[in-house]
Amino acid sequence: MKEPVSVSLEGVVKAFAGAHAVNDVSLEVRTGEFLTLLGPSGCGKTTLLNLIAGFLEPDRGEIFIGGEPVTHVPPYLRSIGMVFQNYALFPHMSVTDNVGFGLKMRKVPAAEIRQRVADSLDMVRLPGMGDRSPRQLSGGQQQRVALARALVINPKVLLLDEPFSAIDKNLRSEMQFELKQIQKRIGITTVFVTHDQSEALSLSDRIAVMSHGKIEQLSEPAQLYRNPASSFVASFIGDINRLPCKVVGREGAEAVLVAGGLGIRLPAARAGGLAQGSGGLLFIRPDDLVLVSPGDARANLGVGTVDTHVYQGTHVDVYVRFKEGGALRVRHGGFEAIEQFPVGSAIGLCANLDKAFVFPME
Ligand SMILES: Nc1ncnc2c1ncn2[C@@H]1O[C@H](COP(=O)(O)OP(=O)(O)OP(=O)(O)O)[C@@H](O)[C@H]1O
Ligand SMILES: [Mg+2]
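The notes below deal with the structure included here.

Criteria and cut-off values
Residues numbered from 1 in each chain as written. Chains lettered and ligands numbered in written order. Predicted model: local features only at pLDDT ≥ 70, side-chain atom pairs only at ≥ 80, totals over all residues. Heavy atoms only, no water. Pairing = 2+ DSSP bridges. Helix = DSSP H or I, 4+ residues; strand = E, 2+ residues; numbered from the N terminus. Axes fitted to C-alpha atoms, helices over the stretch in contact; angles between N-to-C directions. Near = heavy atom within 4 Å. Polar contact = N/O pair within 3.5 Å; in protein donor to acceptor, adjacent residues only side chain to side chain. Areas by Shrake-Rupley, 256 points an atom, 1.4 Å probe, with all protein chains shown as cover. Phe/Tyr/Trp six-rings, centres within 6.5 Å; stacked < 30°, edge-to-face > 60°. Buried < 20%, exposed > 50% of the residue type's maximum accessible area, 1.4 Å probe, protein only. Lys NZ or Arg CZ within 6 Å of the ring centre and 35° of its normal.

**Remarks on the sheet that holds strand β14 (residues 279-284)**
Across a sheet, strands are paired by hydrogen bonds formed along the backbone, either parallel or antiparallel in direction.
Argument step 1. The strand order across the open sheet formed by 5 strands is β13-β12-β11-β14-β20, and the pairing between neighbours is antiparallel. The open sheet has two free edges, formed respectively by β13 (262-267) and β20 (357-360), since each of these has just one partner strand. For this sheet the average axis-to-axis angle between neighbouring strands, irrespective of direction, equals 45°.
Argument step 2. Pairing between β14 and β20: 4 bridges, direction antiparallel.

Here is the structure:
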């Protein structure tokens, strides 16, 4: 039977020279899941991954892998496979020796090493490349070797630290897709670090958004996007408009706000528990806004002026300026928006306020 939790952290703290890189993190990674640590540079992602791997010891807290306490166990006894950002292959060894290194250290018989290395290279689609040296491989191929080397030991947990950040965009999406397929096929518990939100949203079963050494929110990708727990998460995940607003009252299940000089109602649960009279920010995603004619009764955010169009390939972003100042970005599915809503024209703004949310001003 599978253990429901594969990696568990309890109150883990790690400081460098008095500054908290990881600040009281508790986390449970489920068996077989693909969990991503996502956050801006310096928020503690690599430190947290290195704590799980055992390259660092926490100042406080406990770490468990497969239910066993490993807080003071060295990396090579933790049953983890790790892939680093900069490949970290041994330059003087062939691909075969690089991939087989961990097995050799574990004194696996030579014939079995040969077979497992060949199987791993097949899995990452590098068959027949075993005799090359890392220098004779492209960046993408080197990262496949690093993945094969991490997986060949059949670890309980696969850890990856920004593995695709040095790879160009087209190859990156191909490698993301392959990683996800391999991960699902062998069902390995995976902790993946990135600062790239689209990479996180497309690959992950769950995402832990980090800020200043803490986990701000741990949710499924769609939840993070639709129901962010804080203004940090709302701003970090996906494009979003922010309008200063003030809560002026509550009527039944609705909160009444003033934003951009307009009275607005939204479900009270989405008003972030803001007290009456307090100021905040109203968050609306560009895809939750529709442009309508200025007199249209649906224009619940009033009328503005078209400022610019930004053609984005699959859609057009229309920037609309408010009389009261401030601009909103509206995502329009078709190219016709450029002709239909010319720059300088007056336009009505209709927001799906059921999907908007308010957080206190930071
Ligand atoms: N060995 C170290 N000595 C001192 N400070 C460190 C050390 N490692 C990390 N830090 C500090 O801890 C904080 C978190 O660093 P970490 O490398 O975990 O961030 P990160 O989220 O991985 O960032 P990035 O996206 O840039 O890789 C940073 O402020 C960093 O300067
Ligand atoms: Mg890092």
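Structure's up, so let's keep going.
**A look at the site of ligand 1**
Argument step 1. Neighbouring ligand 1 are the residues F16, A21, P40, S41, G42, C43, G44, K45, T46, T47 and E162.
Argument step 2. At 3.0 Å from an oxygen atom of ligand 1 is found a main-chain nitrogen or oxygen belonging to G44.
Argument step 3. Burial of ligand 1 by the protein chains amounts to 54% of its free accessible area of 630 Å².
Argument step 4. Examining the composition of the shell around ligand 1, we find that 3 residues originate from one element, helix α1 (residues 45-53), more than from any other.

**Some remarks on the packing of aromatic side chains**
Argument step 1. Summed over the entire model, instances satisfying the criterion amount to 9 aromatic pairs.
Argument step 2. Centroid distance F55 to F84: 6.0 Å. Interplanar angle 45°. Geometry classified as tilted. You can see F55 sitting in the loop between α1 and β4 (60-65) and its partner F84 sitting in the loop between β6 (80-83) and α2 (95-105), a full 29 residues away along the chain.
Argument step 3. Accessibility expressed as a relative area gives 44% for F55, which makes it partly exposed.
Argument step 4. Each residue in the set F34, F164 and F192 is aromatic and connected to the rest through ring pairs, giving one cluster.
Argument step 5. Against the face of F90 rests R149, its NZ or CZ located 5.2 Å from the ring centre.
Argument step 6. Directly above the ring of Y225 sits R285, whose terminal nitrogen or CZ lies 3.9 Å from the centroid.

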